Amino acid sequence: PKVLHKKQESFVGHSLFEVFPAKNKATITEAKYSLKGHHNKTQKITDIQIKTLEGELRFFDGTITNLVDDVEVGGYVVYICDVTERKLNAEKLNE
């Protein structure tokens with residue numbers, strides 16, 4: 001599978017801050033801080049904004065799971081789901 005037109009393997013071994021744009025830093029920092037020291041705990045993240053390679057801004061919700069102590073993972077696992085259409089439709093309904 002591909003994420004934002006990149007192979008998912010290209011994200012492995014990178015800092016969360018390398019993967020997500022700077023505007024998301026506060027959300028990611030808050031999630032990581034709440035997970036620190038809590039192995040196998042998951043934190044929900046919302047309203048993550050990422051530009052595709054084509055420059056289109058997309059919105060994502062997801063989770064970050066602390067698997068730092070897992071010898072097979074040794075880091076945080078991030079799962080995100082594109083919610084752009086849902087977000088745009090909700091905004092239209094609220095107009």
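Just above, that's the structure.
In this text the structure is predicted, and so the values were computed from the model without any measurement. (Residues numbered from 1 in each chain as written. Predicted model: local features only at pLDDT ≥ 70, side-chain atom pairs only at ≥ 80, totals over all residues. Heavy atoms only, no water.)

Draft legend 1. Seen up close, the overall build of the protein. For the protein, the count of helices and strands is three helices and five strands. Ordered by position from the N terminus, the helices and strands of the protein form the series β-β-α-α-β-β-β-α. Going through the 95 residues of the protein one by one, you find that 24% of them count as buried. For the protein, long-range pairs separated by at least 24 residues make up 38% of all intrachain contacts whose partners lie at least 6 apart in sequence. Surface accessibility of the protein: about 6,900 Å² in total, with carbon and sulfur atoms responsible for 52%. (Helix = DSSP H or I, 4+ residues; strand = E, 2+ residues; numbered from the N terminus. Buried < 20%, exposed > 50% of the residue type's maximum accessible area, 1.4 Å probe, protein only. Contact = heavy atoms within 4.5 Å. Areas by Shrake-Rupley, 256 points an atom, 1.4 Å probe, with all protein chains shown as cover.)

Draft legend 2. Up close: the packing of aromatic side chains. Taken as a whole and judged by the stated rule, the model has zero aromatic pairs. For the cation-ring pair, Lys 87 lies above Phe 59, with the distance from its terminal atom to the ring centre recorded as 5.1 Å. (Phe/Tyr/Trp six-rings, centres within 6.5 Å; stacked < 30°, edge-to-face > 60°. Lys NZ or Arg CZ within 6 Å of the ring centre and 35° of its normal.)

Draft legend 3. Layout of the sheet that holds strand 3 (residues 42-51). The strand order 3-4-5 describes an open sheet built from three strands, whose pairing is antiparallel. Every interior strand has two partners, whereas the edge strands, strand 3 and strand 5 (75-82), have only one. On average, each strand axis in the sheet is tilted by 30° relative to the strand beside it, whichever way the strands run. With eight bridges connecting them, strand 3 and strand 4 (residues 57-67) associate as antiparallel partners. (Pairing = 2+ DSSP bridges. Axes fitted to C-alpha atoms, helices over the stretch in contact; angles between N-to-C directions.)

Draft legend 4. Summary view of the nonpolar core. Judged by nonpolar contacts, Phe 20, Ile 28, Ala 31, Leu 35, Ile 45, Ile 48, Ile 50, Phe 60 and Ile 64 together constitute the single largest core of nine residues. Elements represented by at least two residues in this core include exactly helix 2 (25-35), strand 3 and strand 4. (Core = buried A, V, L, I, M, F, W, Y, C linked by side-chain atoms within 4.5 Å.)

Everything listed here is a matter of geometry and, on its own, says nothing about what the molecule does.
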